Amino acid sequence: MFIPLHDSNDLKHIKLQWVTWSLIAINVLVWVVTGFSGEDSEFTNAAFLGLGFIPSVVHDIVELPTSLVLVPEDATYITYSFLHANLFHLGSNMLFLWVFGDNVEDAMGHIRFLIFYFLCAAAGAFMHGLLLPDSEGPLIGASGAVAGVIAAYLLLHPRVRVWVLVLGRIPLPLPAYIPLVFWVGMQFFMVVSDLGGEVSWGAHIGGIIAGAILVLFLRRSGVPLFDRTIDTPKAVIHEPPQPEPQNSAAKAPPPKWGR
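Note that the structure is predicted; figures quoted are calculated from it, not measured.

### Concerning helix α7 (residues 143–156)
In an α-helix, one turn spans 3.6 residues; hence positions three or four apart end up facing the same way.
Thinking step 1. The end-to-end C-alpha distance of α7, which contains 14 residues, comes to 20 Å, matching closely the 20 Å that a straight helix rising 1.5 Å per residue would cover.
Thinking step 2. Counted residue by residue, α7 has 14 buried out of 14 residues, so it is predominantly covered.

Here it is in structure tokens:
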């Protein structure tokens, strides 16, 4: 697989990606509160069960004890996305959001991007529940929402150069479509081959589908898809040569150098 590090894609419509930063900050804060209590602590388990998305509970197959009901069942379509099992789980999701979220936010605007993010999270939970309707384990993590961000970025900026660590070791600048198409393809492969595994590939698929559809409608008017217009950096814009003033005196031809 690959690890994204940086993209050379300046913001064009907003000054700061404050929604992206805020989402990262909230996710980190929630992990600090739950993670420092220990992955197997009573407090953390209560948070995962009360705020995580549990298909069998949402589908009224089982019922949570009253003491564990922290929010309405429908709210867990969103709240699950702010919970993470460990630092690696948190870090990988936030890294992808950091690299790709700012340009998607730029293309949509702050409010529409926030709506987009939550809808992708909800779509991830919906697909997870559709594929595993009687699952009693809580779905947690921002990967469904982040998968939607990745899909939107792929449609908006497939040709932008992204620095990635290939196989976790080799830094390479690649057009975004190469690692991202590979990543999307892997999610569809894994949902078939490892549906009942620890990772909810279905949540990724739901986020991808939602992100690819929603970006068509939530992007700003005039924002193209597939990098159909690319702004040339000012540093490489060349002014056309200006004609030299004509002098009345004839110029001698340039000298020729002998071999």
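### Details of the side chain of threonine 20
Thinking step 1. Assignment of secondary structure puts threonine 20 in helix α1 (residues 18–35).
Thinking step 2. Engagement of the side chain of threonine 20 in a polar contact is seen with the side chain of glutamate 105, the distance being 2.7 Å.
Thinking step 3. Leave out the neighbours within four places in its chain, and threonine 20 touches Leu97, Gly101, Asp102, Glu105 and Phe113.

### Overview of helix α9 (residues 201–218)
Thinking step 1. Over its 18 residues, α9 extends 25 Å from the first C-alpha to the last, a length consistent with the 26 Å expected when each residue adds 1.5 Å.
Thinking step 2. For α9, the tally of buried residues reaches 13 of 18 residues, placing the bulk of the element in the interior.

### Some remarks on the sheet that holds strand β2 (residues 161–166)
The strands making up a sheet associate through hydrogen bonds between their backbones, and the pairing can be parallel or antiparallel.
Thinking step 1. Read across the open sheet, the three strands follow the order β1-β2-β3; overall the sheet is antiparallel. Bordering the open sheet on either side are β1 (2–7) and β3 (170–175), each of which pairs with just one other strand. In this sheet, neighbouring strand axes are inclined to one another by 30° on average, regardless of whether the strands run parallel or antiparallel.
Thinking step 2. Taken together, the five bridges between β1 and β2 define a ladder with antiparallel strand orientation. The partner of aspartate 7 across the bridge, within β2, is valine 162.
Thinking step 3. Contacts between helix α5 (residues 87–108) and the sheet are confined to β1 and β2, with β1 contributing the most and set at about 40° to the helix.
Thinking step 4. Most of the contacts of helix α8 (residues 177–193) go to β3, to which it runs at about 95°, and overall it touches β1, β2 and β3.

Scoring rules and cut-offs
Residues numbered from 1 in each chain as written. Predicted model: local features only at pLDDT ≥ 70, side-chain atom pairs only at ≥ 80, totals over all residues. Heavy atoms only, no water. Helix = DSSP H or I, 4+ residues; strand = E, 2+ residues; numbered from the N terminus. Expected span 1.5 Å × (residues − 1). Buried < 20%, exposed > 50% of the residue type's maximum accessible area, 1.4 Å probe, protein only. Polar contact = N/O pair within 3.5 Å; in protein donor to acceptor, adjacent residues only side chain to side chain. Contact = heavy atoms within 4.5 Å. Pairing = 2+ DSSP bridges. Axes fitted to C-alpha atoms, helices over the stretch in contact; angles between N-to-C directions.

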